Amino acid sequence: MSPAQPTHPAAAPPDVVLPRADGIALSIAIDRETSTPLPDQLVAEIRRLIAAGAVRPGEPVPASRRLAAHLHVSRGTVETAYAQLVVEGFLITAERSATRVNPELPSTPRASGPQSRPPQVPRRRLRSFVDLRPGFGGDNPLQEPAFRRAWRDSLDLDPGPIDALGQPQARWAIADHLRLTRGMSVDPDDIILTSGSRDGLRLLLTTGVDGAIGVENPGFPGLRQAMTDRELIPIDTAHLSGAASAHLGAVVVTPNHQFPHGTTMPIDQRVRLLEWAQAAGVIVIEDDYDSEARYARTVVPTLYDLAVSTDAPAQVVHIGTFSTLLTSAVSTGYIIAHGELGKRLSRMRTALGPAFSPVMQSAIAAYLTSGGLRRRISRGRRRIRAAEAVLAQIGEVPGLVHEGRTLVIETSAHTAARLRTDLAERGILVASLAAGWSADSDVRHGIVIAHSNVEATVLRQALETVQSMLSEAGHR
């Protein structure tokens, strides 16, 4: 081996590294042309690595035989260097154990920074709070046998060529799921997988939706967080005749869970919305949030299906997510669009690559086709019926308005803030009513409770706590 050229230690050539048993390589420079003895050079280099935090207190250094072979020096050279470092207190030795950096050495500033230790990830544990916020709560699907089985099975499958739009079996499974649960007729080729509703919305906004975005006022606040860079114009979908549309490029609506009561947009209002959008040249973005959370058998057609089935000229993009059903930790969703806009979305998704792992896509497909998600939806609907029974038995809750799938209690701004704080201190999380308003005027204050998030016994205790607090606050 030819002599290495003298280099600055930080710029050591890539093949001159300190080998370690775990396969991590650390830079070390040996210069055979200098008059400094090799053991002294090695001592200086290991001191430098320790000072830089590359080798940390308590960590092993390579065995002398291994390091000698790697650096093409004698084993005696390495042992001499190690002995010197032991005397100096940098290294320690013990019988039948690797030579290690002295664990009593203080960590250097570079070694004790935020990256010095991996973050501690706690094991999944039972919740210590009751989450009654819309879009949260419910049982944990990651502990569900059907989902875990689908995940394990996906690890044994070859997903095939990676499709940036989504693996074919996943898109087919979603189309079939929508047929069975929503009555929708969707071509799998019109489905593009996303990492959730916000990812789908951002994909749409960057693909060619110009102008301001209309948002329901009041409206579910979730997707607004993905539109902070766009001008948002509050609109009332029940009275669109006078709605300003000159600068609108699109309007985002949640027709299957209208804020704050969780009511469903009537079919006649849906038709008027499509007619208005067509006349105004506005794209309708349908957020299908919480569409499964119903226990009535009547299913109102989605805006997307209504537009397609009636050949309405209005352009509708349907955004769906499994995050509400499967928790945000899964981060899966889809967007449905056809025509030229669908082609533009496909080109952008192809350029960006898959939204999430093909392995997870296979797991979602298996979970859907096995009926696991439908059974989960059925359990959720049974929980809704049980929650309604608790509400009928619990007695009067001061100020409660119950018109849809959520409970709304209007109060003053001060009382609402105090209620949320006091309830959180008792382990009960509720949502803010005021968060649903985009404009500063006509904002209503209070709390919003998704009463079907938890089992009946837990709900009863939580509502009794709310009753007590409202009574103490002297709510009118």
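Here the residue numbering is sequential within each chain, running from 1 through the sequence in written order. Under the rules for a predicted model, residues below a pLDDT of 70 receive no local features and side-chain atom pairs below 80 are neither given nor counted, while totals for whole chains, interfaces and linings still include all residues. Working from all heavy atoms in the structure, the side-chain values ignore hydrogens and water.

- The name recorded for the chain in an unreviewed UniProt entry is Transcriptional regulator, GntR family, from Brevibacterium aurantiacum.
- UniProt positions are given in the numbering used here, feature names are shortened, and annotations may be inferred rather than shown by experiment. As recorded by UniProt, the Sequence similarities (unreviewed entry) comment attached to the chain reads in full: "In the C-terminal section; belongs to the class-I pyridoxal-phosphate-dependent aminotransferase family."

### Some thoughts on the overall build of the chain
Moving on, step 1. Strands here mean DSSP runs of E at least two residues long; helices mean DSSP runs of H or I at least four residues long; both are numbered from the N terminus. A tally of regular secondary structure across the chain gives 14 helices and 17 strands.
Moving on, step 2. Burial classification: accessible surface area is computed with a 1.4 Å probe over protein chains only, and a residue below 20% of its type maximum counts as buried, one above 50% as exposed, and the rest as partly exposed. Classification of the 476 residues of the chain by burial places 47% in the buried group.
Moving on, step 3. Sequence separation of at least 24 residues holds for 71% of the intrachain contacts in the chain that already meet a minimum separation of 6.
Moving on, step 4. In this description, accessible areas are obtained by the Shrake-Rupley approach with a 1.4 Å probe, and a residue is regarded as covered only by the protein chains that are shown. By element, 52% of the accessible surface of the chain is carried by carbon and sulfur atoms, the whole surface being about 23,600 Å². Contact criterion: two residues are considered in contact whenever any of their non-hydrogen atoms come within 4.5 Å of each other.

### Some remarks on the packing of helix α6 (residues 197–205) against helix α10 (residues 339–352)
Moving on, step 1. Relative to each other, α6 and α10 sit at 110°, their axes nearing to 9 Å. If you check the angle between α6 and α10, you find them roughly perpendicular. On α10, the residues that touch D199, L203 and L204 of α6 are L341, L345, M348, R349 and L352.
Moving on, step 2. Class assignment of the residues belonging to the contact of α6 with α10 gives a composition of six nonpolar, no polar and two charged. To obtain each axis, a line is fitted to C-alpha atoms, and for helices this fit is confined to the stretch in contact; angles are then taken between N-to-C directions over 0 to 180 degrees. We call two directions roughly parallel when the angle between them is under 35 degrees, roughly antiparallel when it is over 145, roughly perpendicular when it lies between 65 and 115, and oblique otherwise. Residues are grouped as follows: Ala, Val, Leu, Ile, Met, Phe, Trp, Tyr, Cys and Pro are nonpolar; Asp, Glu, Lys and Arg are charged; every other residue, Gly included, is polar.

### A few points about the sheet that holds strand β9 (residues 248–253)
Moving on, step 1. Following DSSP output, two strands are said to pair if at least two bridges run between them. The strand order across the open sheet built from seven strands is β6-β12-β11-β10-β9-β7-β8, with neighbouring strands paired in mixed fashion. Each end of this open sheet is capped by a strand with a single partner; those strands are β6 (191–194) and β8 (232–235). Neighbouring strand axes in the sheet, compared pairwise and without regard to direction, differ in orientation by 25° on average.
Moving on, step 2. With four bridges joining them, strand β10 (residues 283–287) and strand β11 (residues 316–321) adopt parallel strand pairing. When the sheet's bridge partners are listed, E286 is paired in β11 with H318.
Moving on, step 3. Lying on the sheet, helix α5 (residues 168–182) is in contact with β6 and β12 (333–336); it crosses β6 at an angle near 105°.

### Structural notes on the pairing of β12
Moving on, step 1. Side chains G333 and I335 project from β12 onto one buried face, and the interleaved Y334 and I336 project onto a second face that is buried too.
Moving on, step 2. Relative to β12, β6 runs antiparallel, the two being bridged by four bridges. Its bridge partner being in β12, T194 is matched across the sheet by G333.
Moving on, step 3. Sheet analysis places β11 next to β12, joined by four bridges and oriented antiparallel. Bridging across to β12, T321 finds its partner in G333.

### Brief notes about helix α3 (residues 75–88)
Moving on, step 1. For a helix, the expected span equals 1.5 Å multiplied by the residue count minus one. For α3, which comprises 14 residues, the first-to-last C-alpha distance of 20 Å matches the rise-based estimate of 20 Å (1.5 Å per residue) to within 8%.
Moving on, step 2. The set of residues buried in α3 consists of T77, V78, A81, Y82 and L85. Along the long axis of α3, the arc covered by the buried residues comes to 130°, so they all point the same way.
Moving on, step 3. G89, located one to two residues past α3, shows a positive phi value of around 95°. What the arc measures is the spread of directions leading from the helix axis to the C-beta atoms.

### Describing the sheet that holds strand β13 (residues 400–402)
Moving on, step 1. The sheet built from four strands is open, its strands ordered β13-β14-β17-β16 with antiparallel pairing. Two strands bound the open sheet, and with one partner strand each, they are β13 and β16 (431–432).
Moving on, step 2. Note: strand β14 (residues 407–410) against strand β17 (residues 446–449), four bridges, orientation antiparallel. Residue V408 lies in a different strand from β17, and its bridge partner there is V448.
Moving on, step 3. Of the strands in this sheet, β16 and β17 touch helix α13 (residues 413–425), which is tilted by about 45° from β17.

### Things to note about the environment of Q169
Moving on, step 1. Relative to the helices and strands, Q169 is located in helix α5.
Moving on, step 2. Sequence separation between Q169 and A365 is 196 residues; the distance between their C-alpha atoms is 6.4 Å.
Moving on, step 3. In this view, Q169 contacts P159, S362 and A365; residues no more than four positions away in its chain are not counted.
Moving on, step 4. Counted as a polar contact is a pair of N or O atoms within 3.5 Å, where, for protein atoms, one must be capable of donating a hydrogen and the other of accepting one, and residues adjacent in sequence contribute only when both atoms are in side chains. At 3.4 Å, the side chain of Q169 forms a polar contact with the side chain of S362.

### What to know about the pattern of salt bridges
Moving on, step 1. Definition used for salt bridges: Asp or Glu carboxyl oxygen within 4 Å of a side-chain nitrogen of Lys or Arg. Summed over all chains, the structure comprises 15 salt bridges.
Moving on, step 2. Taking the shortest distance from any N to any O, the salt bridge between R47 and E88 comes out at 2.8 Å. Pair noted here: R47 is in helix α1 (residues 38–52) and E88 is in helix α3, with a separation of 41 residues, a long-range link.
Moving on, step 3. Residue classification places R47 among the partly exposed positions, given a relative accessible area of 31%.
Moving on, step 4. For E88, a relative accessible area of 31% corresponds to the partly exposed category.

### Points about the environment of L49
Moving on, step 1. If you trace the backbone, L49 turns up in helix α1.
Moving on, step 2. Remark: the alpha-carbon pair of L49 and S27, spanning 22 residues in sequence, is separated by 8.1 Å.

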